Each structure stands twice: as structure tokens, then as C-alpha cells.
Amino acid sequence: MANQIKISPSILSADFSYLGKEIEAIDKAGADYIHVDVMDGHYVPNLTIGPEVIKDIRKSSKKTFDVHLMIKPVNPLLESFAKAGSDIITFHPEAEGNPKETLSIIKELGCKTGISLNPSTPIGVLDDLIDEVDLILVMTVVPGFGGQSFMEDQLPKIESIRKMIDSTGKQIDLEVDGGINFETAPKAISAGANVLVAGTATFKGGQSQYEKNIKALRGV
């Protein structure tokens, strides 16, 4: 199982003074995806980056850009994020009135689709959406706030979603984001996750350590 685990380093933990070089480094170190957290200061309290930055850093890696939109509304900006170079676009169903329509727009733009569940979001929201998604992201912290600990009470949710995915017979990524480190990664993997978002744990110790960090998160 370990070699099937994908690591998606969150670039929010990178050194933004040379972000392109940081992305090149995690690419070379074995990252599977590049996780881009987009926060609007409205749906979540913090404000991060937008399509123009993604367009610029897209030059630094050919790896899958795993773009997590923590914004509201979603639909008006989807085209901008797709054109900037997003490969997977994940959004929160609470942020748009018709999540199915949003998923349809993402597909039409040529990107893979993702749905993100906050700790308080019931898995029932997936009942009508699971057939339309390529990725399900389970937040194990409250999005928009840094420095939080991994919420172990989300592990049963991850297990339940893994069963839902398996019952569809589809290849759907189950991604976990929030407080992922060398101690919590095995717990998320055991619960059924196959993609781990890790910021601090990946970028810890500088570029010479990135490959070692990614291998440790993957469990090899």
C-alpha cells in the first residue's frame, strides 16, 4: 500500500521568496501532486494566492496541480483557475448552491473534479455527488486556520468514505488535509486515505530533506 500513497505537499509552507525553486525541489524530491491552497478571506479567514500566481508557478513543475478552492462563490472563478494550469479543482459544496453544476463546469473546463468536506460536513453530501468526482478531500482541521492539530475524530469519516468509494468501483482519490505529519500520516492511511496533503512536514529542514520527508510520509 505504501508505494500507492501519493504525497501532495502544500506550497503554503514553502518559502515564498523563491517559490518556483521550492516547487522544483519538491517535484525532484518525489512529490506526486502539488497542493495549492486558495483562500479568499471570505469563505475562510485567511487570504492566499489566486490564478495569476498559479499561472507563474505552473512553469516550475509538470506534476499534477491539486488546487483546493476555499472560496465563495466558486463558479465565477473556475475558468481563471483552469486556464492558469490547475489539473484538479476541489471546492466545498457549501460554497455554491448547486454543487453538481459546479462539478459539471469543472469537467467542461478540462479539469478533474474534487469535493472537500469540512470536519462539520456530513458525508451524506456525497450521496448525489460521488459519481461525478475524481477526488474527495477530507479536512482534518478547520480550514483557514494554521497550526491546528490533526482531528482524530475524523478517522471514522475517512473509513466510511473509503467504503463508499470502494462500493462505486471507481478510481477516486481519497485525500486528507490537516495536521498531517510523520505520526498522523499512518493513521490517515490506515483509515483509507491514498493522498496526503502535508505542508510543514514536507518542507521541514530545507530542500536537502524534502526527499527524506516525502518518503517518511509515504511510509517507505
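Look a little higher up for the structure.
The structure displayed is predicted, hence computed values, not measured ones.

Undergrad: Can you help me understand the overall build of the protein chain in this one?
TA: A count of helices and strands for the protein chain gives eight helices and eight strands. Its C-alpha atoms give the protein chain a radius of gyration of 16 Å, near enough to 17 Å, the size a compact globule of 220 residues would have. Its C-alpha atoms give the protein chain principal-axis dimensions of roughly 45 × 35 × 30 Å. In the protein chain, buried positions account for 53% of the 220 residues. By sequence separation, contacts in the protein chain at least 24 residues apart represent 63% of the contacts at least 6 residues apart.

Undergrad: What's the story with the nonpolar core in this structure? I'm lost.
TA: Inside soluble globular proteins, nonpolar side chains tend to come together where they are buried. Counting residues in hydrophobic clusters, the biggest one holds 65 residues, and the most contacted among them are Ile 11, Ile 54, Leu 69, Ile 136, Ile 180 and Leu 196. The leading source of residues in this core is helix H5 (residues 155-168), at five residues. Look past the residues within four positions of Leu 69 in its chain and what remains in contact with it is Val 38, Val 74, Leu 78, Phe 81, Ile 89, Thr 90, Phe 91 and His 92. Membership of the second largest hydrophobic core comes to seven residues, among which are Ile 88, Leu 135, Met 139 and Val 141.

Undergrad: Looking at this structure, how should I read H5?
TA: Since one α-helical turn is 3.6 residues long, residues separated by three or four positions face the same way. Its 14 residues give H5 an end-to-end C-alpha distance of 20 Å, which sits within 8% of 20 Å, the value for a rise of 1.5 Å per residue. Burial in H5 covers these residues: Leu 155, Lys 157, Ile 158, Ile 161, Arg 162, Met 164 and Ile 165. Two residues or fewer past H5, Gly 169 is found with a positive phi of approximately 75°.

Undergrad: Would you explain the pattern of salt bridges in this entry?
TA: Two side chains of opposite charge can pair, provided their charged atoms sit close to one another. Overall, the coordinates contain eleven salt bridges when judged by the stated rule. Across the pair Asp 27 and Lys 63 runs a salt bridge, and its minimum N-O distance is 3.2 Å. Taken as a pair, Asp 27 in helix H1 (residues 19-28) and Lys 63 in the loop between helix H2 (51-57) and strand E3 (64-70) lie far apart in primary sequence, 36 residues in all.

Undergrad: Would you mind going over the environment of Val 141 with me for this structure?
TA: Its location among the elements puts Val 141 in the loop between strand E6 (135-139) and H5. In this structure Val 141 comes out as buried when scored by relative accessible area, which is 8%. Here the alpha-carbon distance between Val 141 and Ser 160, two residues 19 residues apart in the chain, equals 18 Å. When neighbours within four sequence positions are excluded, Val 141 is seen to be in contact with Pro 119, Gln 148, Ser 149, Met 151, Asp 177, Gly 178 and Gly 179.

Undergrad: Looking at this structure, how should I read the environment of Leu 217?
TA: If you trace the backbone, Leu 217 turns up in helix H8 (residues 210-218). For Leu 217, a relative accessible area of 2% puts it in the buried group. Each C-alpha atom of the pair Leu 217 and Gly 205 lies 14 Å from the other, and the pair is twelve residues apart in sequence.

Undergrad: Sorry, what's going on with unusual backbone geometry here?
TA: What you tend to see is this: most non-glycine residues have negative phi, and most peptide bonds are trans. Lys 72 connects to Pro 73 through a cis peptide bond whose omega is -5°. When you line up the elements, Pro 73 lands in the loop between E3 and helix H3 (78-84).

Undergrad: I tried to follow the sheet that holds strand E1 (residues 6-9) on my own but got confused; where do I start?
TA: Through backbone hydrogen bonds, the strands of a sheet pair up, either in parallel or in antiparallel fashion. The eight strands lie next to each other as E1-E8-E7-E6-E5-E4-E3-E2, forming an open sheet whose pairing is parallel. Two strands in the sheet have a free side with no partner beyond their single neighbour: E1 and strand E2 (33-39). Strand-to-strand twist of the sheet, defined as the mean angle between neighbouring strand axes without regard to direction, takes the value 25°. Alignment of E2 against E3, held across seven bridges, turns out to be parallel. Of the residues in E3, the one forming a bridge with Val 38 is Leu 69. Strands in contact with helix H4 (residues 99-108) are strand E4 (88-91) and strand E5 (112-117); relative to E5, the strand with the most contacts, it is inclined by about 145°.

Calculation rules
Residues numbered from 1 in each chain as written. Predicted model: local features only at pLDDT ≥ 70, side-chain atom pairs only at ≥ 80, totals over all residues. Heavy atoms only, no water. Helix = DSSP H or I, 4+ residues; strand = E, 2+ residues; numbered from the N terminus. Rg over C-alpha atoms; globule rule 2.2 N^0.38 Å. Buried < 20%, exposed > 50% of the residue type's maximum accessible area, 1.4 Å probe, protein only. Contact = heavy atoms within 4.5 Å. Core = buried A, V, L, I, M, F, W, Y, C linked by side-chain atoms within 4.5 Å. Expected span 1.5 Å × (residues − 1). Salt bridge = Lys/Arg side-chain N within 4 Å of Asp/Glu carboxyl O. Pairing = 2+ DSSP bridges. Axes fitted to C-alpha atoms, helices over the stretch in contact; angles between N-to-C directions.

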